[in-house]
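Listed below, chain by chain, are the residues.
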Amino acid sequence: MEWPAHVGHLPFTEVTSTLDVAREQAATTASPTWITATRQTASRGRRGRAWVAPVGNFYGTLMIPCGDPMQASLRSFVAALALQDALDAAMGEGPTLALKWPNDVLVNSGKVAGILLESLTVNGQMWGVAVGIGVNLIAAPDFSQVEAGAVPPVSVKGESGVDVTPDAFLSILAPAFAKWDAQLTTYGFAPIRTAWLASAARLGETITARLPNEEITGRFDTVDENGYLILNTAKGLRSIAAADVYF
């Protein structure tokens, strides 16, 4: 695949986090740019959780200029679809892929990749969004290192036997992201939503969404036109903008 036009790449050997570099670079960047690192010393996941980061896995952040917070938030779905395409291309036939709302990619029902979005501001104004992506290419955390009830972590190598380097993975992921992002900017969220739902994990099944002060259990009916999770609960439909989901 060819590298997408007008998209930059800043590779680093060691950083605290590619998301941290994105915040530093936003003021000097005018176009979408990938930031990658061989090693991260302070990786993080949702709600500031630590992310185990051995060398050989993929650590990257795509900076995207975008002044619309809603449009920026939908990039998590773009990233999930791009990751699905890239993982499918890297692993070949055999492993089963699924997308877990709001920001995980599953292989054979285990978590292989996570997505974390952070807004980027310059001089007090929204510059865009940083789409942080971590992929377990060669190794996954031990199950004892993840929180209770979480999906067990897996790796590309462990599930498929395929060795893929971070650079090789980026060469597949960057064009896939550009393709899906063009769909979003040209046609809106509708085709992204349709494609995402076609691969949604546990659609139509009972799941639990954990919010800071509440747990909501219900049937996973759909994702709406804003990307919100729709659960059919005993008290009716609930629309959830952000939560941790447990199966």
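In this report, we go over the structure that sits alongside the text. Keep in mind it's a predicted model, so treat the numbers as computed, not measured.

This next bit is on the pairing of strand β2 (residues 33–40). Remark: a regular strand shows side chains that alternate across the two faces of the sheet. Counting buried positions along β2 gives six out of eight residues, so the element sits mostly inside the fold. By the bridge criterion, seven bridges tie strand β1 (residues 8–15) to β2 in an arrangement that is parallel. Bridge assignment links V15 to a residue of β2, and that residue is Q40. Both β2 and strand β3 (residues 58–65) contribute to a ladder of four bridges, which runs antiparallel. Counted as the bridge partner of T33 is M63 from β3.

The subject of this paragraph is the side chain of S76. Take S76: it is sitting in helix α3 (residues 75–91). Note on S76: relative accessible area 10%, which makes it buried. Here S73 takes part through its backbone oxygen, which lies 3.3 Å from a polar atom of the side chain of S76. Contacts of S76, omitting those with residues within four sequence positions, involve P102, I115 and L117.

Those residues of helix α6 (residues 189–198) not exposed but buried are F189, I192, W196 and L197. For α6, the buried positions fall inside an angular range of 125° around the axis, keeping them on one side. Relative to its buried face, α6 has exposed residues pointing more than 90 degrees away, namely A190, T194 and A198. On its buried side, α6 packs onto α3, β4 (97–100), α5 (166–187) and β9 (214–223).

It is worth spelling out the layout of surface pockets at this point. Computed from the structure, the second largest pocket encloses a volume of approximately 450 Å³. Looking at which element gives the most residues to the lining of the second largest pocket, the answer is strand β6 (residues 110–122), with five residues. Taken together, the residues that form the lining of the second largest pocket break down as 14 nonpolar, seven polar and two charged.

Nonpolar side chains in soluble globular proteins generally cluster together in the buried interior. Counting residues in each nonpolar core, the largest one holds 59 residues, and the members touching the most others are W34, F169 and W196. Residue contributions to this core peak at eleven residues, all from α3. In contact with W196, not counting residues within four places along its chain, are F77, A80, L81, L99, K100, W101, F220 and V223. Counting residues in each nonpolar core, the second largest holds 13 residues, with I35, A37, M63 and V122 among its members.

All chains considered together, the criterion is met by twelve salt bridges. A salt bridge links D85 to K179; the shortest N-O distance between them is 2.9 Å. Of this pair, D85 sits in helix α3 while K179 is found in helix α5, placing the two residues 94 residues apart along the sequence. Judged by relative accessible area, K179 falls into the partly exposed class, the value being 44%. As a salt-bridge pair, R202 and E205 come within 3.9 Å of each other at their nearest N and O atoms. On the basis of relative accessible area, E205 is assigned to the partly exposed category, the value being 39%.

This part takes up the packing of α5 against α6. Two elements in contact, α5 and α6, have axes whose closest approach is 7 Å; the angle formed by their N-to-C orientations is 135°. With respect to α6, the axis of α5 lies oblique. Across the interface between the two elements, W180, Q183, L184 and Y187 from α5 touch F189, P191, I192 and A195 from α6. Partitioning the contact of α5 with α6 into residue classes produces seven nonpolar, one polar and no charged.

Parameters at a glance
- Residues numbered from 1 in each chain as written.
- Predicted model: local features only at pLDDT ≥ 70, side-chain atom pairs only at ≥ 80, totals over all residues.
- Heavy atoms only, no water.
- Buried < 20%, exposed > 50% of the residue type's maximum accessible area, 1.4 Å probe, protein only.
- Helix = DSSP H or I, 4+ residues; strand = E, 2+ residues; numbered from the N terminus.
- Pairing = 2+ DSSP bridges.
- Polar contact = N/O pair within 3.5 Å; in protein donor to acceptor, adjacent residues only side chain to side chain.
- Contact = heavy atoms within 4.5 Å.
- Arc of directions from axis to C-beta.
- 1 Å grid on protein atoms, 1.4 Å probe; cavity = no way out; pocket = protein on both sides within 12 Å on 5 of 7 lines; lining within 4 Å.
- Points joined across faces, edges and corners; volume = space filled by probe spheres on them.
- Nonpolar A, V, L, I, M, F, W, Y, C, P; charged D, E, K, R; others polar.
- Core = buried A, V, L, I, M, F, W, Y, C linked by side-chain atoms within 4.5 Å.
- Salt bridge = Lys/Arg side-chain N within 4 Å of Asp/Glu carboxyl O.
- Axes fitted to C-alpha atoms, helices over the stretch in contact; angles between N-to-C directions.
- Parallel < 35°, antiparallel > 145°, perpendicular 65-115°, else oblique.

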